[in-house]
Each structure stands twice: as C-alpha cells, then as structure tokens.
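Below, each chain spelled out in residue letters.
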Amino acid sequence: GGYGAVLMHAQHRKELSGGFRRTTNNRMELLAVIMALKHIKTPGLPIQIYTDSKYVCDAIEKKWLFGWKAKGWKKADGKTVMNLDLWQRLDGQSSRHQLTTHWVKGHAGHPENERADALAREGMAPFRKGPA
C-alpha cells in the first residue's frame, strides 16, 4: 500500500509519498496525514486537511480521537482502537495545530486529491508483484 500527501501554503507546495509491503488502506490514509503534519514546522497553525477518507475525517471532526484517548484508546464496545500506533502518532502531531478536516469524494476530479492518489500509487510501486 502507499500514501500520498500534497502540502500547500501560499506559493509553496510539497509532495510526500511512501509505501509498505503489508498494510491497509486505513493505515495509509492515517499515515498520509501524520507525515504531512510532521512536515509543518510552525506549531499552532490552523491546518485544513482535505481527505477522501471518512475514517480519518470523522475521527477528527466528530472528536472520536479525543474520546478514544480519554478512554485509554478503547472504543465504545471496550475493544482497543484499530491502528492504535498511528492514532497515537496522529494525536501527537495534531496537538501541535488547529485541525479542520474536509471530506472530498475520491476520484471525483479534486486536483490535489487526484495528485495525492497518484503519489500513493507511486509510493506503493516498489512493493507490487509483477508488472505494474
């Protein structure tokens, strides 16, 4: 699997990508946001995150992340949150900024979302079996 992120501020643009052999889509969606936030050096900024991942968007906007943390990283059913390692990393990064998420429909022509998807495919290319 792969992740991709496009960071933009004023006239500046940075693109990130990477991949892993054994992973899931949800892990890569989370890692894209974590890696993007990690590259923002100035703390306390209002950050707008555009993602096609309801998983990531809802966890931030609906405050699930904070609820899970308050409950010892447990869900309402008492089970440990899946992808705990990444949620904890996201929590650490997100505490440095003021995050707002915006859900965008995937593969619907949003230019930066399409580019992030292409970057994710590039990031996973080394791990694919056989011809691309």
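All chains use their own residue numbering, which begins from 1 and follows the written sequence. Since the coordinates come from a predicted model, pLDDT governs what is reported: local features require at least 70, and pairs of side-chain atoms require 80 or more to be given and counted, while whole-chain, interface and lining totals use all residues. Note: side-chain values were computed over all heavy atoms of the structure, leaving out hydrogens and water.

Student: Where do I start with helix α1 (residues 25–38) in this structure?
Tutor: Each α-helix winds once per 3.6 residues, and so residues spaced three or four apart point in a common direction. In DSSP terms, a helix is any run of H or I states spanning at least four residues, a strand is any run of E spanning at least two, and both are numbered starting from the N terminus. In a helix, the anticipated span is given by 1.5 Å times the number of residues less one. Its 14 residues place the ends of α1 20 Å apart at the C-alpha level, agreeing with the 20 Å of an ideal helix rising 1.5 Å per residue. With 10 of 14 residues buried, α1 is to be regarded as a mostly interior element. All buried positions along α1 are accounted for by Met28, Glu29, Leu30, Leu31, Ala32, Val33, Ile34, Met35, Ala36 and Leu37. Taken together, the buried residues of α1 touch β1 (2–9), β2 (12–19), β3 (46–51), α2 (54–61), α4 (84–94) and β4 (98–103). Only protein chains enter the accessibility calculation, which uses a 1.4 Å probe. A residue is then buried if its area is under 20% of the maximum for its type, exposed if over 50%, and partly exposed in between. Contact definition: two residues touch when any of their heavy atoms are within 4.5 Å.

Student: Which parts of the structure should I look at to understand the packing of α1 against α4?
Tutor: Pairs of packed helices are described in terms of their axes, by the angle between the two and the distance that separates them. Packing of α1 against α4 leaves a shortest axis separation of 9 Å and a crossing angle of 25°. In terms of orientation, α1 lies roughly parallel with respect to α4. For α1 against α4, the interelement crossing comes out left-handed. Facing Arg27, Leu30, Leu31, Val33, Ile34, Met35, Leu37 and Lys38 of α1, the residues of α4 in contact are Asp85, Leu86, Trp87, Arg89, Leu90, Gln93 and Ser94. Every axis in this analysis is a line fitted to C-alpha atoms, fitted for helices over the stretch in contact. Angles between the N-to-C directions lie between 0 and 180 degrees. Reported orientations rely on four angle classes, namely roughly parallel under 35 degrees, roughly antiparallel over 145, roughly perpendicular from 65 to 115, and oblique for the rest. It is the rotation of the near helix from the far one that decides the hand of a crossing: anticlockwise by less than a right angle makes it left-handed, clockwise makes it right-handed.

Student: Would you mind going over the pattern of salt bridges with me for this structure?
Tutor: Side chains bearing opposite charge may pair, as long as their charged atoms lie close to each other. Each reported salt bridge corresponds to a side-chain nitrogen of Lys or Arg within 4 Å of a carboxyl oxygen of Asp or Glu. This model, assessed by the stated rule, comprises 9 salt bridges. One salt bridge connects aspartate 85 with arginine 27, and the closest N-O pair in it is separated by 2.8 Å. Linking aspartate 85 in helix α4 with arginine 27 in helix α1, this pair joins segments that are 58 residues apart in sequence. A relative accessible area of 22% places arginine 27 in the partly exposed class. Salt bridges sharing common partners tie together Arg13, Glu15, Glu112, Arg115 and Glu122.

Student: How should the nonpolar core be read in this particular structure?
Tutor: Note that soluble globular proteins tend to have their nonpolar side chains buried in a common cluster. One finds Leu31, Leu37, Trp87 and Leu90 to be the most contacted residues of the largest nonpolar core, which totals 27 residues. At the level of secondary structure, the elements contributing two or more residues to this core comprise β1, α1, β3, α2, α3 (64–70) and α4. Among the elements that take part in this core, α1 stands out by supplying 9 residues, more than any other. The residues contacting tryptophan 87, other than those within four sequence positions of it, are Leu30, Tyr55, Val56, Ala59, Leu65, Trp68, Trp73, Val81 and Met82. By nonpolar core we mean a set of buried residues, namely Ala, Val, Leu, Ile, Met, Phe, Trp, Tyr and Cys, connected to one another through side-chain atoms within 4.5 Å.

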